[in-house]
Amino acid sequence: MENTVHEVESQGVQSYILDLRNNPVSLFYVDLLDLFNEVEFQTASGQMIDLITTNEGEKDLSKYSLPLHRRIVQYKTAYYSFYLPVACALLMAGEDLDNHVTVQNVLIDMGIYFQVQDDYLDCFGEPEKIGKIGTDIEDLGFFFSIIK
């Protein structure tokens, strides 16, 4: 969980953005930097909500709800995994992100769907097929199936 924010910074795009500041033609440099800062904040916020909800040693399942799950997943996963790459491309194409709110909403929904699917596979998938051994139940990780 701790690596989530660092994943945003380590996507390789950050160094490319920093190289752009020396190029006067790159009018979108500031917008990209703002976008990365915004998404990093959103990801850290999702991580914080997740950690607050799943206090170590405390197994209070009454804290879990569908709206809380959506909020955690939206901020912790959907923004950096789905929205960020497309928003970067839009900015680099000279687009104003305010004109693409529907695109953002669709991408966030895709990110939420992805995470729900990943949580389900973590609980019920065969490790040989999904390539990992799920530990959400043991870790009392925030997984969708507990809400149902």
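Since the structure is predicted, the reported quantities are computational estimates derived from the model, not experimental observations. (Residues numbered from 1 in each chain as written. Predicted model: local features only at pLDDT ≥ 70, side-chain atom pairs only at ≥ 80, totals over all residues. Heavy atoms only, no water.)

(A) Structural context of the pattern of salt bridges. Per the counting criterion, the structure on display carries two salt bridges. The closest approach of N and O atoms between Asp50 and Lys76, which form a salt bridge, is 2.5 Å. A residue pair is termed long-range when its members are at least 10 positions apart, and Asp50 in helix 3 (residues 29-53) and Lys76 in helix 4 (residues 66-92) qualify at 26 residues. For the salt bridge of Asp109 with Arg70, the shortest nitrogen-to-oxygen distance reads 3.2 Å. With Asp109 in helix 5 (residues 101-124) and Arg70 in helix 4, this residue pair connects regions lying 39 residues apart in the sequence. Judged by relative accessible area, Asp109 falls into the partly exposed class, the value being 40%. (Salt bridge = Lys/Arg side-chain N within 4 Å of Asp/Glu carboxyl O. Helix = DSSP H or I, 4+ residues; strand = E, 2+ residues; numbered from the N terminus. Buried < 20%, exposed > 50% of the residue type's maximum accessible area, 1.4 Å probe, protein only.)

(B) Quick look at helix 5. In this model helix 5 runs 35 Å from its N-terminal to its C-terminal C-alpha over 24 residues, within 8% of the 34 Å that 1.5 Å per residue would give. Among all positions in helix 5, only Gln104, Leu107, Ile108, Gly111, Ile112, Gln115, Asp119, Asp122 and Cys123 are buried. (Expected span 1.5 Å × (residues − 1).)

(C) Geometry of the nonpolar core. If you look at the biggest cluster of nonpolar residues, it comprises 19 residues, and the most contacted ones within it are Leu35, Val39, Tyr83, Leu84, Cys88, Leu97 and Ile108. Of all the secondary-structure elements, those providing two or more residues to this core are helix 3, helix 4 and helix 5. Discounting residues that sit within four places of it in the chain, Leu97 has contacts with Leu35, Tyr83, Ala87, Leu90 and Leu91. (Core = buried A, V, L, I, M, F, W, Y, C linked by side-chain atoms within 4.5 Å. Contact = heavy atoms within 4.5 Å.)

(D) Quick peek at the packing of aromatic side chains. If you walk through the whole model with that rule in mind, you get three aromatic pairs. Ring geometry for Tyr75 against Tyr79: centres 5.6 Å apart, planes inclined by 20°, an arrangement best described as stacked. With Tyr75 and Tyr79 both in helix 4 and four residues apart, the pair spans about one turn of that helix. Taking the centre distance of 5.7 Å and the plane angle of 50° together, the rings of Phe82 and Phe114 count as tilted. In this pair, Phe82 is assigned in helix 4 and Phe114 in helix 5, connecting sequence segments 32 residues apart. Taken together through their ring pairs, the aromatic side chains of Tyr75, Tyr79 and Tyr83 make up a single cluster. (Phe/Tyr/Trp six-rings, centres within 6.5 Å; stacked < 30°, edge-to-face > 60°.)

(E) Local environment of the side chain of Gln74. By secondary structure assignment, the location of Gln74 is in helix 4. Among all residues touching Gln74, those that are not within four sequence positions of it are Tyr79, Ile108 and Ile112.

(F) Fine view of a negative patch on the surface. Taken together, the side chains of Asp31, Asp34, Glu38, Glu95, Asp96 and Asp98 make up a negatively charged region of the molecular surface. Structurally, Asp98 is set in the loop between helix 4 and helix 5. (Patch = residues over 30% accessible without salt bridge, like charges linked within 9 Å, V, L, I, M, F, W, Y side chains within 5 Å. Areas by Shrake-Rupley, 256 points an atom, 1.4 Å probe, with all protein chains shown as cover. Lys, Arg positive; Asp, Glu negative; His and termini not counted. Charge placed at Lys NZ, Arg CZ, Asp CG, Glu CD.)

(G) Fine view of helix 4. When the local axis directions of helix 4 are compared, the greatest deviation, roughly 60°, occurs at Ala78. Capping of helix 4 at its N-terminal end is provided by Ser65; its side-chain oxygen lies 3.2 Å from the backbone amide nitrogen of Leu68. Gly94 sits one or two positions beyond helix 4 and adopts a positive phi of about 85°. (Bend = angle between axes of the 7 residues up to and from the residue. Polar contact = N/O pair within 3.5 Å; in protein donor to acceptor, adjacent residues only side chain to side chain.)

(H) Representation of the packing of helix 4 against helix 5 within the structure. At a closest axis distance of 7 Å, the pairing of helix 4 and helix 5 adopts a crossing angle of 120°. Classified by the angle between their axes, helix 4 and helix 5 sit oblique to one another. In the crossing of helix 4 with helix 5, the sense of the turn from one axis to the other is right-handed. Here helix 4 contributes His69, Arg70, Val73, Gln74, Thr77, Ala78, Tyr79, Phe82, Tyr83 and Val86 to the contact with helix 5, which in turn contributes Val103, Gln104, Leu107, Ile108, Asp109, Met110, Gly111, Ile112, Phe114, Gln115, Val116 and Asp119. (Axes fitted to C-alpha atoms, helices over the stretch in contact; angles between N-to-C directions. Parallel < 35°, antiparallel > 145°, perpendicular 65-115°, else oblique. Left-handed = near helix turned anticlockwise from the far one by under 90°.)

(I) Quick look at the packing of helix 3 against helix 4. Remark: helix 3 packs on helix 4, axes separated minimally by 8 Å, with the N-to-C direction vectors making an angle of 165°. In this view, helix 3 runs roughly antiparallel relative to helix 4, as classed from their interaxial angle. As helix 3 packs across helix 4, the resulting crossing turns out to be left-handed. By residue class, the composition of the contact of helix 3 with helix 4 is 16 nonpolar, five polar and four charged. (Nonpolar A, V, L, I, M, F, W, Y, C, P; charged D, E, K, R; others polar.)

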